[in-house]
Amino acid sequence: MNVYRLCDQEEVEKIITTKSFQEVGKEGQRNPYLNNHSYEPHIKYLHFFQSFSSLFYFNLSEDSYVCTYDIAKELLEKHKGIGKYLDRMFMRKHERVTEYAIPSQELSFTDLKKVERVTEWLDYEDCLAGNYYDRLETVYDRDQKPYVFQKK
């Protein structure tokens, strides 16, 4: 199942260079005001959204990266939770959003499907209008042979 993550160039380079997730992620800290995930101590986690449009709870600024992962449904269900974010339009009320907090060591490099660099700032209105495709530049696609990763 496809899930989505927003990250920076450093994370992308570590993953592509090492072909693993051992050097990325953050230790989770339980915070019921942010989400309902349960985190194990000393374990690094990566968070993913179920929906591409959920990326717009964050700032999709120029030179950030949108990563598409194809992760087994069983693994996603095991780590499914709810995150709480300010609404994307007015930033006034909290919305509950399906997300996944997966331990980095449970991911495989083959789960990474595509990496796209944001070439120009995007906001949620661009998403609603479908007006963002030309502002995403593919820098990695696992289906391309040989693998391609282009640094900015």
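Shown above is the structure to which this text applies.
The sections below set out a description of the structure shown in this document. (Residues numbered from 1 in each chain as written. Predicted model: local features only at pLDDT ≥ 70, side-chain atom pairs only at ≥ 80, totals over all residues. Heavy atoms only, no water.)

Next up on the list: the overall build of the protein chain. For the protein chain, the count of helices and strands is three helices and eight strands. Expected size for 152 residues packed as a compact globule is a radius of gyration near 15 Å; at 15 Å, the protein chain falls within 12% of this value. Every one of the 152 residues in the protein chain was classed for burial, and the buried ones make up 43%. With an accessible surface of roughly 8800 Å², the protein chain has 47% of that area assigned to carbon and sulfur atoms. (Helix = DSSP H or I, 4+ residues; strand = E, 2+ residues; numbered from the N terminus. Rg over C-alpha atoms; globule rule 2.2 N^0.38 Å. Buried < 20%, exposed > 50% of the residue type's maximum accessible area, 1.4 Å probe, protein only. Areas by Shrake-Rupley, 256 points an atom, 1.4 Å probe, with all protein chains shown as cover.)

The next thing to look at is the pairing of strand β5 (residues 80-86). Within a regular strand, the side chains alternate between the two sheet faces. What you see with β5 is a clean split: Gly-81, Gly-83 and Tyr-85 sit on the buried side and Lys-80, Ile-82, Lys-84 and Leu-86 on the side with no burial. With seven bridges connecting them, β5 and strand β6 (residues 94-103) associate as antiparallel partners. By the bridge assignment for β6, Gly-83 is matched with Val-97. (Pairing = 2+ DSSP bridges.)

Below, the discussion takes up the environment of Arg-142. Relative to the helices and strands, Arg-142 is located in the segment after β8 (136-141). On a C-alpha basis, the gap between Arg-142 and Val-115 in space is 9.1 Å, while along the polypeptide they are 27 residues apart. A polar side-chain atom of Arg-142 sits 3.4 Å from a polar atom in the side chain of Asp-70. (Polar contact = N/O pair within 3.5 Å; in protein donor to acceptor, adjacent residues only side chain to side chain.)

The tally for this structure, following the rule as stated, stands at nine salt bridges. Arg-117 is the salt-bridge partner of Asp-63, the closest N and O atoms lying 2.6 Å from each other. Remark: Arg-117 occurs in strand β7 (residues 112-118) and Asp-63 occurs in the loop between β3 (44-49) and β4 (65-70); sequence separation between them is 54 residues. Of the residues examined, Asp-63 reaches a relative accessible area of 26% and is grouped as partly exposed. The closest approach of N and O atoms between Glu-137 and Arg-117, which form a salt bridge, is 2.7 Å. With a gap of 20 residues between them, Glu-137 in strand β8 and Arg-117 in strand β7 connect regions that are remote in the sequence. Here Glu-137 falls in the partly exposed class, since its relative accessible area comes to 30%. (Salt bridge = Lys/Arg side-chain N within 4 Å of Asp/Glu carboxyl O.)

What follows deals with the nonpolar core. Core analysis: the largest hydrophobic core is formed by 23 residues, its most contacted members being Phe-48, Tyr-69, Ile-71, Ile-102, Leu-107, Leu-112 and Val-115. Of all the secondary structure elements, the ones that give two or more residues to this core are β1 (2-7), α1 (9-18), β3, β4, α2 (73-78), β6, β7 and β8. In contact with Val-115, not counting residues within four places along its chain, are Val-12, Tyr-65, Val-66, Cys-67, Glu-137, Thr-138, Val-139 and Tyr-140. Phe-52, Leu-60, Val-97 and Val-118 belong to the second-largest nonpolar core, a separate cluster that totals 16 residues. (Core = buried A, V, L, I, M, F, W, Y, C linked by side-chain atoms within 4.5 Å. Contact = heavy atoms within 4.5 Å.)

A separate point is the packing of aromatic side chains. Summed over all chains, the structure comprises 11 aromatic pairs. Here the aromatic rings of Phe-21 and Tyr-69 are separated by 5.9 Å at their centres, their planes lie at 50°, and the arrangement is tilted. Taken together, the residues Phe-21 in the loop between α1 and β2 (26-27) and Tyr-69 in strand β4 connect sequence positions 48 residues apart. According to the relative accessible area criterion, Tyr-69 is buried, its value standing at 0%. Where Tyr-39 meets Tyr-45, the ring centres are 4.9 Å apart and the plane angle is 80°; that geometry is what we call edge-to-face. (Phe/Tyr/Trp six-rings, centres within 6.5 Å; stacked < 30°, edge-to-face > 60°.)

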